[in-house]
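Residue strings, one per chain:
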Amino acid sequence: MEDTDMESSHSPPPRISSSKKLGRMDSLERDAGKVTGMENHGRKILTRAVILRLAFQTIGVVYGDIGTSPLYVFSSTFPGGISRDHLKTNVLGVLSLIIYTLTLSPLIKYVFVVLRANDNGEGGAFALYSLICRNANVDLMGKRHPEDKNLSAYKLDLPNQRKIRRGIWIKNFLEGHKAVHVVLLMITFFGTCMVIGDGTLTPSISVLSAVQGIQVQVPNLSQSVIVVVSIVILICLFSVQRFGTDKVGFMFAPVLTIWFAMIAMIGLYNLIHHDHGVLAAFNPKYIFDYFKTNKREGFISLGGVVLCITGTEAMFADLGHFTVPSIQIAFTTYVYPSLLLAYIGQAAYLMEHPEDVGRAFYKSVPKPLYWPMFVVAVLAAIIASQAMISAVFQIIKQAEALGCFPRIKVVHTSKNFVGQVYIPEMNWFLMCACVLITAAFRDTTTIGNAYGICVVMDMAVTTTFTTIIMVLIWKTQLFLALLYLLVYWSVEFTYFSAVVYKFKDGGWLPLLFAVLFLTVMVIWFSGNSKRYKYELDNKISMDWITGLGSNLGVSRVRGVGLVYTELAQGIPSIFSHYITNLPAMHSVIMFVTIKNLPVSNVLSEERFLFRRVGSKEFRMYRCIARYGYKDCHRGDTQFEEDLFKSLAEFISIEDDGKQMEARDLGEADTDSCSVAIYPVSLQLSPPQAPEESAIAIPGRGVVEELGFLEESRKAGVVYLLGDNDVRAREDSSFINKFVVDYGYAFLRKNFRESTLILNIPHTRLLKVGMVYFI
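Residues numbered from 1 in each chain as written. Predicted model: local features only at pLDDT ≥ 70, side-chain atom pairs only at ≥ 80, totals over all residues. Heavy atoms only, no water.

**Student:** Would you mind going over the overall build of the protein chain in detail, with residue names and values included?
**Tutor:** In terms of regular secondary structure, the protein chain is built from 30 helices and eight strands. Element-wise, carbon and sulfur atoms account for 60% of the exposed surface of the protein chain, whose accessible area totals about 31100 Å². (Helix = DSSP H or I, 4+ residues; strand = E, 2+ residues; numbered from the N terminus. Areas by Shrake-Rupley, 256 points an atom, 1.4 Å probe, with all protein chains shown as cover.)

**Student:** Outline the pairing of strand β5 (residues 608-612), supporting the account with residue identities and numerical values.
**Tutor:** Among the five residues of β5, five are classified as buried, and the element is accordingly described as predominantly covered. Here β5 shows no split at all, with Phe 608, Phe 610 and Arg 612 on one side and Leu 609 and Arg 611 on the other all buried. Note that β5 and strand β6 (residues 620-627) share five bridges and pair antiparallel. Its bridge partner being in β6, Leu 609 is matched across the sheet by Ile 624. (Buried < 20%, exposed > 50% of the residue type's maximum accessible area, 1.4 Å probe, protein only. Pairing = 2+ DSSP bridges.)

**Student:** Let's hear about the nonpolar core: which residues, and what values?
**Tutor:** In this structure, Tyr 63, Phe 74, Leu 102, Trp 259, Ile 545 and Phe 575 are the most contacted members of the largest nonpolar core, which totals 204 residues. Considering every element that reaches this core, the biggest residue donor is helix α19 (residues 370-401), with 18 residues. If you look at the next biggest cluster of nonpolar residues, it comprises 28 residues, including Val 560, Leu 562, Tyr 621 and Phe 650. (Core = buried A, V, L, I, M, F, W, Y, C linked by side-chain atoms within 4.5 Å.)

**Student:** Would you mind going over helix α6 (residues 87-112) in detail, with residue names and values included?
**Tutor:** Over its 26 residues, α6 runs 35 Å from end to end, which matches the ideal 38 Å to within 8%, given 1.5 Å per residue. Where α6 bends most, the angle comes to about 25°, and this point is Thr 103, followed within four residues by the proline Pro 106. For α6, the tally of buried residues reaches 20 of 26 residues, placing the bulk of the element in the interior. (Expected span 1.5 Å × (residues − 1). Bend = angle between axes of the 7 residues up to and from the residue.)

**Student:** Give me the lowdown on the environment of Ala 280, citing residues and values where you can.
**Tutor:** Inspection of the secondary structure assignment puts Ala 280 in the loop between α13 (245-273) and α14 (285-300). Separated by 185 residues in sequence, Ala 280 and Leu 95 place their C-alpha atoms 9.6 Å apart. Discounting residues that sit within four places of it in the chain, Ala 280 has contacts with Leu 92 and Tyr 286. (Contact = heavy atoms within 4.5 Å.)

**Student:** Give me the lowdown on the side chain of Asp 356, citing residues and values where you can.
**Tutor:** Positionally, Asp 356 belongs in the loop between α17 (324-352) and α18 (360-363). Buried and unpaired, Asp 356 has Lys 363 as its nearest opposite-charge partner, separated by 4.6 Å. Apart from residues lying up to four places away in sequence, Asp 356 is in contact with Tyr 349, Leu 350 and Lys 363. (Lys, Arg positive; Asp, Glu negative; His and termini not counted. Salt bridge = Lys/Arg side-chain N within 4 Å of Asp/Glu carboxyl O.)

**Student:** Lay out the packing of α6 against helix α23 (residues 478-499) with the relevant residues and their values.
**Tutor:** Packing of α6 against α23 brings their axes to within 12 Å, and their N-to-C directions diverge by 130°. When the axes of α6 and α23 are compared, the pair comes out oblique. Read as a crossing pair, α6 and α23 show a hand that is left-handed. Residue-level inspection shows Leu 97, Thr 101, Leu 104, Ser 105, Ile 108 and Lys 109 of α6 in contact with α23, the latter providing Tyr 484, Tyr 488, Val 491, Glu 492 and Tyr 495. For the contact of α6 with α23, the per-class residue count stands at seven nonpolar, two polar and two charged. (Axes fitted to C-alpha atoms, helices over the stretch in contact; angles between N-to-C directions. Parallel < 35°, antiparallel > 145°, perpendicular 65-115°, else oblique. Left-handed = near helix turned anticlockwise from the far one by under 90°. Nonpolar A, V, L, I, M, F, W, Y, C, P; charged D, E, K, R; others polar.)

**Student:** Describe the packing of aromatic side chains, and please don't skip the residues or the numbers.
**Tutor:** Scanning all chains against the criterion turns up 28 aromatic pairs. Ring centres of Phe 126 and Phe 189 lie 6.1 Å apart, and the angle between their planes is 55°; this geometry places the pair in the tilted category. Taken together, the residues Phe 126 in helix α7 (residues 125-135) and Phe 189 in helix α10 (residues 178-199) connect sequence positions 63 residues apart. With respect to class, Phe 126 is no different from Phe 189; both count as buried. With 5.4 Å between their ring centres and 35° between their planes, Trp 259 and Phe 361 make a pair best called tilted. Highlighted residues: Trp 259 in helix α13 and Phe 361 in helix α18, separated in sequence by 102 residues. In terms of burial, Trp 259 and Phe 361 fall into one category: buried. Through a chain of ring-to-ring contacts, the aromatic side chains of Trp 259, Phe 361, Tyr 362, Tyr 370, Trp 371 and Phe 374 assemble into a single cluster. (Phe/Tyr/Trp six-rings, centres within 6.5 Å; stacked < 30°, edge-to-face > 60°.)

**Student:** Report on helix α29 (residues 734-750), specifying residues and quantitative values.
**Tutor:** For α29, built from 17 residues, the straight-helix expectation of 24 Å at 1.5 Å per residue is met to within 8% by its first-to-last C-alpha distance of 23 Å. At Tyr 744, α29 shows its maximal kink, close to 30°. Turning to α29, its buried residues are Asn 736, Val 739, Val 740, Gly 743, Tyr 744 and Leu 747. Taken together, the buried residues of α29 touch α24 (508-537) and β7 (717-727).

**Student:** With reference to specific residues and values, describe the side chain of Gln 346.
**Tutor:** Relative to the assigned elements, Gln 346 resides in helix α17. Apart from the residues within four sequence positions on either side, Gln 346 is in contact with Pro 70, Phe 74, Ala 360, Phe 361 and Ser 364.

**Student:** Tell me what's going on with unusual backbone geometry, and back it up with residues and numbers.
**Tutor:** Of note in the backbone geometry, Lys 475 takes a positive phi value of approximately 55° without being a glycine. The topology assignment puts Lys 475 in the loop between α22 (453-472) and α23. The class of Lys 475 is buried, set by a relative accessible area of 6%. Positive phi, close to 55°, is recorded for Arg 619, a residue that is not glycine. When you line up the elements, Arg 619 lands in the loop between β5 and β6.

**Student:** Can you explain the environment of Ile 98? Please cite residues and give values.
**Tutor:** For Ile 98, the location among the structural elements is in helix α6. The buried category is assigned to Ile 98, whose relative accessible area is 0%. The sequence separation of Ile 98 and Val 305 amounts to 207 residues, and the corresponding C-alpha distance is 6.3 Å. Beyond its immediate chain neighbours, meaning those up to four positions away, Ile 98 contacts Val 73, Phe 74, Val 305, Cys 308 and Tyr 343.

Listed below in structure tokens is the structure:
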């Protein structure tokens, strides 16, 4: 397993079976998940004023994409124009389709059903998957523990026992089939990547469609100029993302608020001024008349109608930036009525001017309002991109936190709203993709052909997961859950069948991006899972450590070694690899595990938990350093200062007998209590340092141990980190060898290293190389 040419002075350390490890939980790790404020995390009660403020922000961040759809829906639905022979049937049929699509999908499905399926305020495919995993044992992530259920952020409000029995059969089915576990995870990856794929098109079509409107008044303006202006606008849009959703939302929300008000008023004007008879489209019979008249062409035109709900998934994916009530209030009271009036008004105009369908939006604007409307439309189109950009940031953050995406920099941009994040790498990737798409496709008709496939597929994923949650968690009546599934699968797969016709005309592009990210996620997750399982299988027995004696069979030299490990219990294999091949080790050794908790901040006095490893003579400790998602993982001077003050307090309390001595007994789930030790202004006043020949001296009391600790610290602190070379076993299949030796190795080499995440000082970093054959 370890690859070395050096002779070993010790017998190979015995390994501990991971099957035992996974069945039990060390009490130190259990206590590491409990900090002040955990009880209220995810359950903060917001005032009405804050909810209304967030509702205002959602207009600028969440609803930009769906709000600018009136710019291109009718032109994309009728790319060849509207036949006057069946004018009323065509216009009213398409308008009826738009009305009921907006009502069924964004309003009923997302606002009143899907938003309820949030994971403590988080939305998206991973949030739905997390809910399912917490209620059924289908999790393939491998790093959750039974004691996680004690955290308030993980608790679920379950119905009465009678209703629980109603859904027990589906739980047994999900848990009893390993293939189902894999399918659920792959569906999660797939849905996530569909949002990313669609996010590469949203900015391009929104901005380009708005800028092209100037050709209504300046018909001689070349398309090349339109493209260049659009690219400049896109670059500016992505450049301001670093300021965060909170600031961007307040900058954008007023513009979108004006936009929705203007399209509603213009729609009302057109309805009164042209043909109020289009209100008959609320009668769904016109949908059947439309398909009866147009047959195959009518079915294909659904690829244009579906554009009226692009951006709907952002309502759920962006939930982490806001709250459920804020999104519901904004859509039901403002966005939805405005969109209906906008589409109804355009339909009324087209009843008298069907020849203008290619520029239906701008042609329907009264001439005195054209230029103000053009300016607002351009600004609104720019802002429309924000919905999908924020959604991509949110789902990538979730994927990275769950170990399903390579390490990237996630910047939390708001102290008040926990889900607002900015990811530089994804921001610049999206910018480059949008610029290339705009330059290559050049017009909205071509981009529209590529639009919609990923949206519909992601909606189908959401429908599937929501149905499972209905039966498994909400204990909804089976008839209602199946009715929900049947209705929305029918709608979504009907639209999917229509947009598939556009695959060769550009629909392949977002799928290409989606497949790219899906490949990255599958490879990274597969490699990480196998690597973590290897570490569990090869952790070191405590009996082997104690058998070496207090000096560990090597020379103990003055200094402190901080050994970073992902294992919260047991001795990592890199430690045995180190002392087996090198004749010296630091006089004080501390195994440090970073544990991320679902809270914004962990108080500095609650940062560290300690336990001894072995007896006092070993001078070995285990430390769990706990961080919230807003905390910075640092390895700087302040980190060391807090760490050693906390350790000194731990030693003092332990020696005074105020707490039971906590020893790491490897596999035993002891009854000893792990205590949170608080950094205090403890003045270390050590006596004369002991002789070098007596480094591990038992029984000299707390003063001697504190003095020994201080002297060791002054001698130097070194960070030991595993630098593992992961390779496939010789007897592995070709696919496993390709994934591990090429795919996973490439991602580990080219994405951020753990040293960068932890901010470890490079001058005091020692990497311990090993080879993992997985």
